[in-house]
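# Inside the fold
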Amino acid sequence: DAKTTQPTSMDCAEGRAANLPCNHSTISGNEYVYWYRQIHSQGPQYIIHGLKNNETNEMASLIITEDRKSSTLILPHATLRDTAVYYCIVRAPSGSARQLTFGSGTQLTVLP
Amino acid sequence: IAGITQAPTSQILAAGRRMTLRCTQDMRHNAMYWYRQDLGLGLRLIHYSNTAGTTGKGEVPDGYSVSRANTDDFPLTLASAVPSQTSVYFCASSEGLLGTDTQYFGPGTRLTVL
């Protein structure tokens, strides 16, 4: 799996968009970008994933640059409940079960 | 749809006792996983199962055993608990085989071994 680099921490005002960057300059052509988050004392939660195109779901949007070397997770209207550690993970699809490796992630704090 | 449920939510256990952590998913996923999460060490894979009837060892399997008698259930057993097994345990599942790689996690079991 390609290495990812994320800022250690970010703050965002409640109601504003939170933009979380991730660098993955060594990404391979078949590797997807996944985003998960972990709210304190809860299990990790899947947010979104994509390969090349921008993706949007009910939780967030994922913007992947054309060269695929970086991406941004966007929470359009952050709430206090979005305070969590956000993890960007790059990995190729696998036909068998294998470990999901979380890096250090970004601690997002949504401020009232 | 409940997704993944785990039981118990938390447990305090005396060293040397046997303990089974339960995990059930209702998404008909083929693959299931057990992770432990310790402060500063992130999530580490204990055991996994690609499909019902098969299991495999992860990064830290010693002291743990699993079984996968059916698609929905994936219990984790500590035969003789030791204090170093104090941790938060997460069960996860994914479609597996040729499906998406996305893993979905349960709420966790906080285990303390004294």
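Structure: above.
Now for a quick tour of the structure. Note that this is a predicted model, so its numbers are computed, not measured.

All names here are of chain B. Burial analysis of strand E4 (residues 31-38) places 7 of its 8 residues in the buried class, which makes it a mostly covered element. Alignment of E4 against strand E9 (residues 87-94), held across 7 bridges, turns out to be antiparallel. When the sheet's bridge partners are listed, Trp34 is paired in E9 with Cys91. Linking E4 back to strand E5 (residues 42-49) in an antiparallel pair, the connection comprises 3 residues, with Gly40 at a positive phi of about 85 degrees.

Quick look at the pairing of strand E2 (residues 18-23) of chain A now. In summary, the side chains of a regular strand alternate between the two faces of the sheet. Residue and element names in this part refer to chain A. Burial along E2 is one-sided: Ala18, Leu20 and Cys22 are buried, while Asn19, Pro21 and Asn23, pointing the other way, are not. When E2 meets strand E7 (residues 70-75), the two strands line up antiparallel, connected through 6 bridges. The residue of E7 that forms the bridge with Asn23 is Ser70.

Attention shifts here to the interface of chain B and chain A. The interface is formed by 22 residues belonging to chain B together with 20 residues belonging to chain A. When chain B packs against chain A, the two sides together hide about 1,600 Å² of surface, and 47% of this comes from carbon and sulfur. At the junction of chain B with chain A, the criterion picks out 0 salt bridges. The interface formed by chain B and chain A includes 4 residue pairs in polar contact (both at pLDDT 80 or more). Put simply, the parts of the chain that give the side of chain B that touches chain A at least two residues each are E4, E5 and strand E10 (104-105) of chain B. Among the elements that line the side of chain B that touches chain A, the one with the most residues is E5 of chain B, at 5 residues. Considered class by class, the residues forming the side of chain B that touches chain A number 11 nonpolar, 7 polar and 4 charged.

With 23 residues, the main nonpolar core has Leu20, Trp35, Leu73, Leu75, Tyr86 and Leu108 of chain A as its most contacted residues. With 4 residues, the top contributor of residues to this core is strand E8 (residues 84-91) of chain A. Leu75 of chain A has contacts with Arg16, Ala17, Ala18, Leu20, Met59, Ala60, Asp82, Tyr86 and Leu108 of chain A, leaving out every residue within four places of it along the chain. Core analysis: the next-biggest nonpolar cluster, separate from the first, contains 19 residues, Met19, Met32, Val60 and Cys91 of chain B among them.

For the rest of this paragraph, the subject is the pattern of salt bridges. Tallying each qualifying case throughout the model produces 4 salt bridges over all chains. Residue Asp82 of chain A is joined to Arg37 of chain A by a salt bridge in which the shortest nitrogen-to-oxygen separation is 2.8 Å. In this pair, Asp82 of chain A sits in the loop between E7 and E8 while Arg37 of chain A sits in strand E3 (residues 32-38), placing the two residues 45 residues apart along the sequence. Of the charged contacts in the structure, one is a salt bridge between Arg28 of chain B and Asp72 of chain B, with a shortest N-O distance of 2.9 Å.

All names here are of chain A. Strand order in the open sheet made by the 4 strands is E2-E7-E6-E5, with antiparallel pairing throughout. With partners counted over all chains shown, the strands left at the sheet margins are E2 and strand E5 (55-56), one partner each. Relative to strand E6 (residues 61-64), E5 is paired through 2 bridges, and the arrangement is antiparallel. In the sheet register, Thr56 faces E6, and the bridge partner there is Ser61.

About the cut-offs
- Residues numbered from 1 in each chain as written.
- Chains lettered and ligands numbered in written order.
- Predicted model: local features only at pLDDT ≥ 70, side-chain atom pairs only at ≥ 80, totals over all residues.
- Heavy atoms only, no water.
- Buried < 20%, exposed > 50% of the residue type's maximum accessible area, 1.4 Å probe, protein only.
- Helix = DSSP H or I, 4+ residues; strand = E, 2+ residues; numbered from the N terminus.
- Pairing = 2+ DSSP bridges.
- Contact = heavy atoms within 4.5 Å.
- Buried area = accessible area lost by both parts, 1.4 Å probe.
- Salt bridge = Lys/Arg side-chain N within 4 Å of Asp/Glu carboxyl O.
- Polar contact = N/O pair within 3.5 Å; in protein donor to acceptor, adjacent residues only side chain to side chain.
- Nonpolar A, V, L, I, M, F, W, Y, C, P; charged D, E, K, R; others polar.
- Core = buried A, V, L, I, M, F, W, Y, C linked by side-chain atoms within 4.5 Å.

Geometric descriptors of this kind do not, in isolation, establish any biological role.
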